[in-house]
Amino acid sequence: MARRWRCPTALNIIKPVKVAVANGSCWHSVTSHFFPRDEYFMRLALREAARALEHDDVPIGAVIVHEGEVIGLGHNERELAADPTAHAEVIAIRDAARKLGSWRLLDAVLYVTLEPCAMCAGAIVLARIPRVVFGASDPKAGAAGSVLNVLDVPQLNHRPQVESGLLAGECAELLRAFFAPRRG
């Protein structure tokens, strides 16, 4: 059972939001709970994702927040760095760990525009991030419930709370606009 993350700045006020989640070939409506500042931080992640377009990388952005302050930012840099591990989440985790002076990102929240892949989900577990909020689901490589669920494996020593679907339409549209001319 994942520990419930307590938002120090939101006074634990939760806003239920209906979202659609893909499960195989059918869609299910679920209720996710977002805190009042979640949308603000996801919009920062969207802005970070747009920065990836400057160097023709897939527009995925990540923001890590600790005690209401942004401590980590990242956007895809695989093309720029010629590095297959230069995903937005990994870059943001490294940035946050440097700023905190610790690899343990306790009491932090990761906001990311696309559902994390297996590599990024593994990094999230290893960094002990207690809460993950993502926008669009990834039916091809998502490891937070779409294809795999690395973030909820009972044998692992850490399982974050995961909230999905925040600004999913805007996150997905940014990706569609990027891939449309490439796919003809």
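Thresholds applied
- Residues numbered from 1 in each chain as written.
- Predicted model: local features only at pLDDT ≥ 70, side-chain atom pairs only at ≥ 80, totals over all residues.
- Heavy atoms only, no water.
- Helix = DSSP H or I, 4+ residues; strand = E, 2+ residues; numbered from the N terminus.
- Buried < 20%, exposed > 50% of the residue type's maximum accessible area, 1.4 Å probe, protein only.
- Phe/Tyr/Trp six-rings, centres within 6.5 Å; stacked < 30°, edge-to-face > 60°.
- Lys NZ or Arg CZ within 6 Å of the ring centre and 35° of its normal.
- Disulfide = S-S within 2.5 Å.
- Pairing = 2+ DSSP bridges.
- Right-handed = clockwise from strand over helix to strand, strands pointing away.
- Core = buried A, V, L, I, M, F, W, Y, C linked by side-chain atoms within 4.5 Å.
- Contact = heavy atoms within 4.5 Å.

1. Concerning unusual backbone geometry
- With a phi angle near 50°, E67 is a residue other than glycine that sits in the positive phi range.
- Among the structural elements, E67 can be located in the loop between β3 (61–66) and β4 (69–75).
- Judged by its relative accessible area of 60%, E67 falls in the exposed class.
- Within the chain, A82 stands out as a residue other than glycine whose phi angle is a positive 50°.
- Note that A82 resides in the loop between α2 (78–81) and α3 (88–100).

2. Overview of the packing of aromatic side chains
- Applying the stated criterion across every chain, the model contains three aromatic pairs.
- Each ring, one from F41 and one from Y111, has its centre 5.4 Å from the other, and the planes form 35°; the classification is tilted. Taken together, the positions of F41 in helix α1 (residues 38–52) and Y111 in strand β5 (residues 108–114) put the pair 70 residues apart, joining distant regions of the chain.
- The exposure class of F41 is buried, given its relative accessible area of 4%.
- When its relative accessible area of 2% is taken as the criterion, Y111 is described as buried.
- With centroids separated by 5.0 Å and ring planes inclined at 80°, the aromatic side chains of F178 and F179 adopt a geometry described as edge-to-face.
- The buried category is assigned to F178, whose relative accessible area is 7%.
- Within the aromatic cluster, the residues linked to one another by ring pairs are Y40, F41 and Y111.
- Above the face of the F178 ring, R182 is positioned so that its terminal group lies 3.7 Å from the ring centre.
- When the ring centre of F179 is taken as origin, the NZ or CZ atom of R183, which lies over that ring, is 4.3 Å away.

3. Brief notes about the state of the cysteines
- Scanning all chains against the criterion turns up zero disulfides.
- Considering cysteine sulfurs only, C117 is the nearest to C120, which forms no disulfide, with 3.7 Å between them.

4. Some remarks on the pairing of strand β6 (residues 131–136)
- Most of β6 sits out of view: six of its six residues are buried.
- Where β5 and β6 come together, five bridges link them in parallel fashion. Paired with V112 across the two strands is F134, which belongs to β6.
- Taking the sense of rotation as the criterion, the β-α-β connection linking β5, helix α4 (residues 118–127) and β6 turns out right-handed.
- Looking at chain direction, β6 and strand β7 (residues 161–164) are connected through four bridges and run parallel. Each bridged residue has a counterpart across the sheet, and for V133 the counterpart in β7 is E163.

5. A word on the nonpolar core
- I64, L105 and I129 are the most contacted members of the largest nonpolar core, which totals 44 residues.
- Of all elements in the fold, only α1, β3, α3, β5, α4, β6 and α5 (168–179) reach the threshold of two or more residues within this core.
- Broken down by element, this core gets its largest block of residues, six residues, from β5.
- If near-sequence neighbours (up to four positions away) are discounted, I64 is found in contact with E69, V70, I71, G72, A92, I93, A96, L105, A108, V109, L110 and I129.

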